[in-house]
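These are the residues of each chain, in order.
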Amino acid sequence: MGYAAEKKKADRKWSKAKTIVVIVVACVVLVAAILSVFLPAWSWKYRVSLPKVERGEDGELRIHFIDVGQGDATLIELPDGKIALIDGGDDTKETEYAIMRYLYALDIETIDYLILTHADEDHCGALDTVVENVAVKQAYLPLQSATVNTQYAELYTALLENEIAYVYAHNGVDMSGEGYTFTFLHPFAYDVTNALEANKNFDTASNEYSAVVWLEYNGVGSLFTGDLPASQERVLAQAYSIGAVNAELAKTEILKVGHHGSQNSTSQELLSVIPNLKTAIISCGENAYGHPHEEVLERLTKTDVYRTDEDGSVFISIKKDEQTYSVTTLGK
């Protein structure tokens, strides 16, 4: 066979190979398009690029501070198997993916306690996506108008459409289980009652009513303060000093630093009632507010500080029957 015939034969083979490749690529694109149209998002896009996070053990308490940039999202695996999610970052796709993929990395398809500390966009933004894709048993909401902002309105609508029960969070609302205490410390019940009876206007998002949650297991306490400002931290500290707060705050060793490290939170008054603090986590990202502020970092100089903007997601583990804990960072 001459050179011309050989070349012609080789060209035919190459042309056939290219045709096959084009067909395969087209099929893949078509399948992806069909999936995106006919299958719910949770069945594919939230189940890829999952974070490499270890599975928990029976009786273990784990707290995951998910890296959602300039926002808050804290996932808690309680020792009896129940799941709590405190806040849900902003409404960007990056945050949506970060939270949903974290849930699916741990095979979490039911949330027992969905807690929103307050209605700011960087705390409630992705929670409507969570509600639409994961079973939620009970929601705890801030004292805010349903129309305070677009993101909160979307969450509120999602709760109604999915027939999820909700209550207003306040001191005394308890979610404790066998061997652990999990309870709200703020806002105070009488403030909530008085505000509702006065038909107060809650059309402006307010940090002053931010929910504060305390969790204790095996002698290790953790405090989650949302965006509570220093003025209300002082009120909380005073209430604790006269026995009006049902928590052993002296056991607190872990603190989710308030308001992303704002200088107007994590006051000395608050720190004075948690003298055994050892670990502080700041959830923040690139921002124009100066978070975390140098003043706050100075107040925490005797504390191990972890930052999601530098360390990525952080999770803390308290094993069964162990009165100590470990801290793991997932990195950026």
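Below or above, wherever it landed, is the structure these notes cover. Quantities reported herein were computed from a predicted structural model and do not represent experimental measurements. (Residues numbered from 1 in each chain as written. Predicted model: local features only at pLDDT ≥ 70, side-chain atom pairs only at ≥ 80, totals over all residues. Heavy atoms only, no water.)

With that settled, consider the side chain of Thr 279. For Thr 279, the location among the structural elements is in strand S11 (residues 279-282). The class for Thr 279 is buried, based on a relative accessible area of 3%. Within the structure, the side chain of Thr 279 is placed 2.7 Å from the side chain of Tyr 325, a separation counted as a polar contact. Look past the residues within four positions of Thr 279 in its chain and what remains in contact with it is Glu 253, Ile 254, Leu 255, Thr 303, Asp 304, Tyr 306, Ile 316, Tyr 325 and Val 327. (Helix = DSSP H or I, 4+ residues; strand = E, 2+ residues; numbered from the N terminus. Buried < 20%, exposed > 50% of the residue type's maximum accessible area, 1.4 Å probe, protein only. Polar contact = N/O pair within 3.5 Å; in protein donor to acceptor, adjacent residues only side chain to side chain. Contact = heavy atoms within 4.5 Å.)

What follows deals with the nonpolar core. One finds Leu 75, Leu 103, Ile 111, Leu 114 and Val 130 to be the most contacted residues of the largest nonpolar core, which totals 36 residues. Going through the elements one at a time, strand S3 (83-86), helix H2 (93-105), strand S4 (110-115), helix H4 (127-133), strand S5 (135-141) and helix H5 (150-161) are the ones with two or more residues in this core. Among the elements that make up this core, the one with the highest residue count is H2 (six residues). (Core = buried A, V, L, I, M, F, W, Y, C linked by side-chain atoms within 4.5 Å.)

Read across the sheet, eight strands follow the order S6-S5-S4-S3-S2-S1-S13-S14 without closing on themselves; strand pairing throughout is mixed. In the strand order of this sheet, the two ends are held by strand S6 (165-168) and strand S14 (326-329), each with one partner. Averaged over all pairs of adjacent strands, the angle between their axes in this sheet comes to 20 degrees, without regard to strand direction. Packed onto the sheet, H5 meets S4, S5 and S6 and runs at close to 130 degrees relative to S5. (Pairing = 2+ DSSP bridges. Axes fitted to C-alpha atoms, helices over the stretch in contact; angles between N-to-C directions.)

Opposite charge on two side chains lets them pair, provided their charged atoms get close. Applying the stated criterion across every chain, the model contains 13 salt bridges. Measuring nitrogen to oxygen at the nearest pair gives 3.0 Å for the salt bridge that ties Asp 107 to Arg 55. Of the two residues, Asp 107 sits in the loop between H2 and S4 while Arg 55 sits in the loop between helix H1 (3-38) and strand S1 (61-65), which places them 52 residues apart along the sequence. When the shortest N-O distance is used, the salt bridge between Glu 57 and Lys 319 registers 3.7 Å. Highlighted residues: Glu 57 in the loop between H1 and S1 and Lys 319 in the loop between strand S13 (314-318) and S14, separated in sequence by 262 residues. It is possible to trace a salt-bridge network through shared partners that takes in Arg 307, Asp 309 and Glu 310. (Salt bridge = Lys/Arg side-chain N within 4 Å of Asp/Glu carboxyl O.)

Take the sheet that holds strand S12 (residues 304-307) next. Adjacent strands of a sheet form backbone hydrogen bonds with each other and so pair up, either parallel or antiparallel. The strand order across the open sheet formed by six strands is S7-S8-S9-S10-S11-S12, and the pairing between neighbours is mixed. The open sheet has two edge strands, strand S7 (180-186) and S12, and neither has a second partner. Each adjacent strand pair in this sheet contributes to an overall mean axis angle of 15 degrees, direction not counted. In the sheet, S7 pairs with strand S8 (residues 212-217) via six bridges, with the strands oriented antiparallel. Across the sheet, Phe 184 pairs through a bridge with Val 213, a residue of S8.

Moving on, we come to unusual backbone geometry. Look at the link from His 186 to Pro 187: it is a cis peptide, with omega at 0 degrees. When you line up the elements, Pro 187 lands in the loop between S7 and helix H6 (189-197). Between His 291 and Pro 292 the backbone carries a cis peptide bond, its omega angle lying at -5 degrees. When you line up the elements, Pro 292 lands in the loop between S11 and helix H9 (294-299). A positive phi is found at Asp 107, a non-glycine position, where the angle reads about 55 degrees.

Just distances and angles here, no functional claims.
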